[in-house]
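The chain contents come next:
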Amino acid sequence: MLQKGDFAPDFTLPSTLKKDISLSDFKGKKNVLVAFYPLDFTPG
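Just so it is clear, the structure is predicted and the values come from calculations on it, not from any experiment.

(A) Just the overall build of the protein, in detail. Scanning the protein from terminus to terminus reveals zero helices and two strands. Scored against the burial criterion, the 44 residues of the protein give a buried share of 7%. Here the protein displays about 4,800 Å² of accessible surface, and carbon together with sulfur accounts for 62% of that area. Taking the average place of the 6 positive charges on the side chains of the protein and the average place of its 5 negative ones, the gap between the two points comes to 7 Å.

As structure tokens, then:
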């Protein structure tokens, strides 16, 4: 379990450009914000 102040573990997610992107791709280059957006018109 992560605690406040912990670094996020590396992970890979698909991008909207149909390419996998890893958190480590941005290390030391940019700030990263990960937003989870449920599909439109789905419950939840």
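(B) Examining unusual backbone geometry more closely. In the Ramachandran plot, lysine 18 falls in the positive-phi region, its phi being about 65° despite a non-glycine side chain. Along the chain, lysine 18 falls in the loop between strand S1 (12–14) and strand S2 (20–22). Classification of lysine 18 as exposed rests on a relative accessible area of 80%.

(C) The arrangement of the environment of lysine 27 in detail. Within the element layout of this structure, lysine 27 appears in the segment after S2. Taking C-alpha positions, lysine 27 is 9.8 Å from aspartate 10, a pair spaced 17 residues apart along the chain.

Rules of the game
All chains use their own residue numbering, which begins from 1 and follows the written sequence. Only residues with pLDDT of at least 70 are given local features in this predicted model, and only at 80 or more are side-chain atom pairs given and counted; all residues enter the totals for whole chains, interfaces and linings. To obtain the side-chain values, all non-hydrogen atoms of the structure were used and water was disregarded. Each helix is a run of H or I in the DSSP string that is no shorter than four residues. Each strand is a run of E no shorter than two, and both are numbered from the N terminus. Exposed residues in this analysis have more than 50% of their type's maximum accessible area, buried residues have under 20%, and partly exposed residues fall in between, with area computed by a 1.4 Å probe over protein chains only. Residue exposure ignores everything except the shown protein chains as possible cover, and the areas themselves are Shrake-Rupley values with a 1.4 Å probe. Residues counted as positive are Lys and Arg, residues counted as negative are Asp and Glu, and His and the chain ends are not counted. Think of each charge as sitting on NZ of Lys, CZ of Arg, CG of Asp or CD of Glu.

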